[in-house]
Amino acid sequence: MKAICGTIKAFPVKEAHPHGIVYNSEGPLKGLWFDNATTDDTSSVVEFDTRTGTERSHLTPTQGSQPGSINIAADRSIWFTESVANKLAVVTHERTIEEYPVPTPDAYPLDITRGPDGAMWFVESRAGKIGRIAPDGKIQEFRTGDSASRPTALIAGPDKAIWFTEVGTNRIGRLTTTGSVSHFSAGAGQMTGDITTAIDDSFWFGKKNAVTRMTTSGALTEYELPNAIDTGSIFGSRNGGVFIGVMHKDGTGSVTAISADGKLKEFDLPQKHLMPIEFAQTADGSFWMTVQSFDASASPSQLFNLPLPAVTDLQRTTIVTGGGPDWMATGAGALWIANISLKEIERIDATTNAITARIKVGGVPCSGAAFGFSSLWIPLCANDKGTSLVRIDAATNRVVATLPIAPASSEGGITVSRDSLWMATGDTELSRIDPSSGKVRQRVTVASGSQNPTYAGGLVWITSKASNVLTAVDASDGRVVAKVPVPGGPHFVTTGGGAVWTIGQEDGVVTRVDPRTKRIEARIYANTPGFGGDVTYGAGYVWTTLVGVPLTKIDASTNRIVAQWYGRGGDAIHFNYGTIWLADYDHHLVWRIKP
């Protein structure tokens, strides 16, 4: 375990007791928010600009309400508990605050989270209940124990139930959305209250000097925190473990990262006697936190920030493209990249990293790129609709053919087999194109919404996000030989390491499929859902990208995430010539990174 000092930075704020903190990733309330958990006329919810450190405060309608936990609803409004006032409150899109009384008197609502049903769920700490509030303000209450059970924190589980801590009875509770309650032992040692999920669908919760991992069946694994006397907030990591706030015997507070197998790494706060009490993670991957003071000399009137590893921390070669780079392919000793904003293809020499050609293509390059038959093949689009397929001769860097064959979607792909090109040209249509004549030689019926094909080992594999299926097509005769169900919206696809790999846009999961058995071998929880993204294989690893999480490294021999980087970039990725090629569309750059 290595303690790292000076990485966490402090940002003083005017509020006396910042507590709940959350990052809203989209909508009219986008940004970092925290609440001021006071019992006087300063109780409020605050917008915080992470770039300038400026604040915009919104006082609660009930003064001294002691705002507590804060979280984001399905419509991107912001909900929080008011413990002393015994109310729930919402910040509407218009930045007004509406309050809703909890039916049970003196219930003392603490934590609040978005449930699997789209409603907000909250704990009633003094009443032994869990509550549900619908978007229209209607409240239901479910008894989960007596008043001594002290439910403290809750989270939606992977099984679409609500899981919660009971500090009074040292148990973990499970509540279905229909009201069925069950309990699991938390093991020895006193819980401190918070609970989270990790990307492998396990639960983690803190104790005074340990962290415990629990499966949905109740199996426990405990990891000791050396020299710890208390723990605060706990937050699931994109690398498979968790982050937790810790207070040590010597008064040093830290953010402690715990890997899925229990390895520890500490990031010390720059001031003593402060412990992280709540976490939020912003789009760049960094953590923002509020703190609890253990000494009168240490003021909690500040936020702290812990940046996480970024691609820009890696050794890399930067290539300036002058426009927005996206789709990539390699061949003839070069990287070929589609520059969407400039409507051109750029050829980058793999030896010198110099742009040796800029080739105008007469439209927006879209829907993938492929190299084969001594040529680069680029689909074109206009107004988000496919228009044609362009062939660029690698010897002359000239467009030698524009074929009237259009891609089905601007977010599709194209691949090359031994004798053909393959591209989705309709909702259920995969076209096999003769590279010599430029004509469609065969049309294969595939699942609805199939868009992204890749070729390997005599098969063309094509994903359908709409149908949640990966289809295998025999490249010799066009027969569909398998349809592999893959949940989570599989979109981009690659091959390597004896497997086919897809990345799910809905669940952020990388799925490994055995090309021989046509069955799923592994599901790797990269926690990178979202539109766009890409996946490639090289040097024994699967590499994925998504805006905000531009690089994830997965060991193909163990199916485990080795590392994950955050920040800029994340538009397209490709592996060849012994390096990763990664696009930063917004900054008009391509990075070349050694693995």
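These notes cover the structure that comes with them.

Quick notes on the rules
- The residue count restarts for each chain, going from 1 along the sequence in the order it is written.
- Only residues with pLDDT of 70 or above have their local features reported here, since the model is predicted, and side-chain atom pairs are shown and tallied only from 80 upward, although totals for entire chains, interfaces and linings are computed over all residues.
- Derived side-chain values reflect all non-hydrogen atoms in the structure, with water molecules and hydrogen atoms excluded from consideration.
- Note on terminology: disulfide denotes any pair of cysteine sulfur atoms within 2.5 Å.
- Numbering of helices and strands runs from the N terminus; a helix is a DSSP stretch of H or I covering at least four residues, while a strand is a stretch of E covering at least two.
- A 1.4 Å probe rolled over the protein chains alone gives each residue an accessible area, and that area as a share of the maximum for its type sets the label: buried under 20%, exposed over 50%, partly exposed in between.
- Among the buried residues, those of types Ala, Val, Leu, Ile, Met, Phe, Trp, Tyr and Cys that are joined through side-chain atoms within 4.5 Å form a nonpolar core.
- Any two rings among Phe, Tyr and Trp, with Trp reduced to its six-membered ring, count as a pair given centres within 6.5 Å; such a pair is stacked if its planes are under 30 degrees apart, edge-to-face if over 60, and tilted if neither.

Overview of the state of the cysteines
One covalent bond between the sulfur atoms of two cysteine residues makes up a disulfide.
Next, step 1: Across all of its chains, the model carries 1 disulfide by this definition.
Next, step 2: Between the sulfur atoms of C366 and its disulfide mate C381 the distance is 2.0 Å. Around the S-S axis, the bridge from C366 to C381 shows a dihedral of about 70° and counts as right-handed. Residue C366 is found in the loop between β35 (364–365) and β36 (370–372), and its partner C381 is found in strand β37 (residues 375–382); the two are separated by 15 residues along the sequence. Here the two residues C366 and C381 agree in accessibility, since each one is buried.

Considerations on the nonpolar core
Next, step 1: Formed by 31 residues in total, the largest nonpolar core has its most connected members in W336, I345, L376, I392, W501 and V510.
Next, step 2: Listing elements by their share of this core, those giving two or more residues are β31 (325–331), β32 (334–339), β34 (355–360), β37, β38 (385–393) and β49 (499–504).
Next, step 3: Ranked by the residues each element gives to this core, the list is headed by β37, at 4 residues.
Next, step 4: Listed in part, the 17 residues of the second largest apolar core include I8, L269, F279 and F287.

Topic: the packing of aromatic side chains
Next, step 1: Following the criterion strictly, the structure yields 16 aromatic pairs and no others.
Next, step 2: Considering the side-chain rings of F235 and F287, the 5.0 Å spacing of their centres and the 85° angle between planes classify their relative orientation as edge-to-face. Note that F235 is positioned in strand β23 (residues 228–236) and F287 in strand β28 (residues 287–293), a separation of 52 residues in sequence.
Next, step 3: We classify F287 as buried; its relative accessible area is 0%.
Next, step 4: On the basis of an interplanar angle of 50° and a centroid distance of 6.1 Å, the ring pair of W327 and F492 is categorised as tilted. With W327 in strand β31 and F492 in strand β48 (residues 490–496), the pair connects residues that are 165 residues apart, well separated along the chain. Each member of the pair, W327 as well as F492, carries the same accessibility label: buried.
Next, step 5: Aromatic ring contacts, followed pair by pair, group F11, F34, F48 and W288 into a single cluster.

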